[in-house]
Amino acid sequence: MHPLRTFAVFTALGFRRFSAYRLATAAGAFTNTVFGLIKASITVGVIGAAGGELAGYDALTGATYAWLTQAIIAPVQIFAWDELAQRIRTGDIAVDLARPVDLQMTYLAGDLGRAAFQVLPRGLPPLVAGALVTGLALPHTALPYLLGALALLLGVVVSFLCRWLVNIAAFWLVELRGLMTLYVVSVGAFSGVLIPVHWFPSWLASVAAASPFPSMVQTPVDLLMGRVEGAPALRLLAVQVLWVLMIGVAGRVALRRGVRTVVVQGG
Amino acid sequence: MCARWWFKVADPRVLAPYRALLASRLQSQLAYRRSFALDVFGAVGIGLLEFAEVYVIFANISILGGLDFAGVALLFALANIAFSLADMTVGHLDALPTYIRTGLLDAFLLRPLSVLGQLVTSDVQLRRLGRTAVAVVILAVALPASDIDWRAETVYLLILTPIAGAAIFAALFVLAAAAQFWLVDGAELTSAFTYGGSYAASYPTSIFTMPVRVLFTFVIPAAFTAYLPTLLILGIPGPPDTPVWLGWLTPVAAAVAWVVALLAWRLGLRHYTGTGS
């Protein structure tokens, strides 16, 4: 089978797998929305305290940032994911390795399928709530949505590749919980999911800028809101592509090394 | 009735099984020292991350919802001590759907012990004390930095609020677990009230609009865990429509929350019919 066709098949399977859990999806969307309400209130409160404008956000764009972030965190998947680590620990990874397909690409395809399913059911409820409660400041032209969609896609890929790298550590580490927590904390701190990276004091902003985390949340939200346009927008997309290549290659190298540690027993 | 209940609880034989369960769980967590240390480190990281949000906000402004940085830090510390203590003792209750799926709950039902008691003692997570430690340090720095008129009531509030606050969050976890008997697949729904409650509790309730304020004061009593007592501790008035004396009622809110939670838990357990074999 052509590699692209294989990729498409695994994407479709990922989509179907997640579409089976309707109630879980609705529950997740509800929770995203309640957190959106709290986050929008905090953001608007802070902007009000700053005199109505803070780092280019006014009350309406600040609230939009909060709701939009809540809308994309499910597809981008900013929380812990240890499916691959579990398969490595139990030895099921041997079955995966025996398949005549590229392991990293098939997992990426499955994850893109998951994200594609979650975009609307997990994204629309917070946005509808936002439109009703605070109003949303969304661009009126098509280009920001196009660039934003591309940035969101790249954001999902960056997120997947980072999670892949954390999971691959299971070849060497028995207990992954500490590393996983460290990862989730870093994403929370630097991706822009809690507060915009633009509010960071300069030392923290430079730490964030040197990490792949803003590429997951802040970049897609900035492009979707039309906050960044033109050449700077293309520069942000290029940064995302750079992270995809770097972390992607690191993940492949790590897998190849890790596989050497695997001993399959039995027959 | 009351005396009989007391004799029953005071009888060491009643609590002995729970003590044994708890001791075995704690021992198992401490068995792998390095792994436990890493877990505590992770919990400290989560505590620091949550505070980093407050730090970044106050790098930009000086007053939020009527409180300065020290005031919000005090409020944040109280809310986080309360939540982390509740999370340590009953936070694992949100794994109830897993217990149901794996049949562990059925095993609990067969033993002549309280199901809730067994669930609580089955997985108390000591590592979460890492987050409590972060909050205690923040409290220790925020108290001298705030302008507080020290009186007996201040000390009383500072001691009682985290305990009663922990009871409120614990009740929310039990209530959330009770809802799992109906939700099963929709378990994440309740995170909006447990973790969402904790999130809302760490900020001045005054920044919310009226309906949201009512939601996080009287429906989910998050404001009682930190904001309302903080107003009393600092001796400042809240927003005009919030009576300051509400801050004394944290224990009452905790009691009401527990009555509701235990009733819901009973209903939930009655509703449960097992997954079959």
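These figures come from a predicted structure and were not determined experimentally. (Residues numbered from 1 in each chain as written. Chains lettered and ligands numbered in written order. Predicted model: local features only at pLDDT ≥ 70, side-chain atom pairs only at ≥ 80, totals over all residues.)

Peer 1: Give a detailed account of the overall build of chain B, specifying residues and quantitative values.
Peer 2: Looking only at helices and strands, one finds 13 helices and two strands in chain B. At 20 Å, chain B has a C-alpha radius of gyration in line with the 19 Å of a compact globule built from 277 residues. Each of the three principal axes of chain B carries a C-alpha extent, and together these read 60 × 45 × 40 Å. A buried classification covers 44% of the 277 residues belonging to chain B. The contacts in chain B between residues at least 6 apart in sequence include a share of 80% that link residues at least 24 apart. (Helix = DSSP H or I, 4+ residues; strand = E, 2+ residues; numbered from the N terminus. Rg over C-alpha atoms; globule rule 2.2 N^0.38 Å. Buried ≥ 20, exposed ≤ 12 C-beta atoms within 10 Å, placed from the backbone. Contact = placed C-beta atoms within 7 Å.)

Peer 1: Mind laying out the nonpolar core, listing which residues take part and the relevant values?
Peer 2: Membership of the largest hydrophobic core comes to 154 residues, with the highest contact counts inside it found for Ile168, Ala171, Leu172, Phe173 and Val174 of chain B. If near-sequence neighbours (up to four positions away) are discounted, Ile168 of chain B is found in contact with Pro221, Phe224, Thr225, Ala253, Ala254 and Ala257 of chain B. (Core = buried A, V, L, I, M, F, W, Y, C linked by C-beta atoms within 7 Å.)

Peer 1: Can you lay out the interface of chain A and chain B for me, pointing to particular residues and giving the numbers?
Peer 2: Each partner contributes residues to the interface: chain A has 33 residues there, and chain B has 33 residues. Elements with a minimum of two residues in the side of chain A that touches chain B: helix H2 (22-49) and helix H8 (177-190) of chain A. Per-element tally for the side of chain A that touches chain B: the top contributor is H2 of chain A, with 16 residues. For the side of chain A that touches chain B, the class distribution of residues is 24 nonpolar, seven polar and two charged. (Nonpolar A, V, L, I, M, F, W, Y, C, P; charged D, E, K, R; others polar.)

Peer 1: Give a detailed account of the packing of helix H4 (residues 69-90) of chain B against helix H12 (residues 227-234) of chain B, specifying residues and quantitative values.
Peer 2: All names here are of chain B. As a packed pair, H4 and H12 sit with axes 9 Å apart at the nearest point and diverge in direction by 135°. Taken together, the axis directions place H4 and H12 in an arrangement best described as oblique. Judged by the sense of rotation from one axis to the other, the crossing of H4 with H12 is right-handed. Taking contact as the criterion, the partners of Gly71, Leu74, Leu75 and Leu78 in H4 are, on H12, Tyr227, Pro229, Thr230 and Leu234. (Axes fitted to C-alpha atoms, helices over the stretch in contact; angles between N-to-C directions. Parallel < 35°, antiparallel > 145°, perpendicular 65-115°, else oblique. Left-handed = near helix turned anticlockwise from the far one by under 90°.)

Peer 1: Break down helix H13 (residues 250-271) of chain B for me, with residues and values.
Peer 2: Every α-helix winds through 3.6 residues per turn, so residues three or four apart in the chain are directed the same way. Residue and element names in this part refer to chain B. Compared with the 32 Å implied by 1.5 Å per residue over 22 residues, the 31 Å span of H13 between its first and last C-alpha is a close match. Looking only at H13, the buried set comprises Thr250, Ala253, Ala254, Ala257, Ala261 and Trp265. The buried residues of H13 occupy an angular sector of 100° when projected down its axis, which confines them to one face. Away from its buried face by more than 90 degrees, H13 exposes Val259, Leu263, Arg266 and Arg270. (Expected span 1.5 Å × (residues − 1). Arc of directions from axis to C-beta.)

Peer 1: Now, about the confidence of the model for chain B: what can you tell me, with residues and values included?
Peer 2: When pLDDT is averaged along chain B, the result is 88; 95% of the residues meet or exceed 70. Interface confidence for the predicted complex, given as ipTM, is 0.88, next to a pTM of 0.90. (pLDDT = per-residue confidence, 0-100.)

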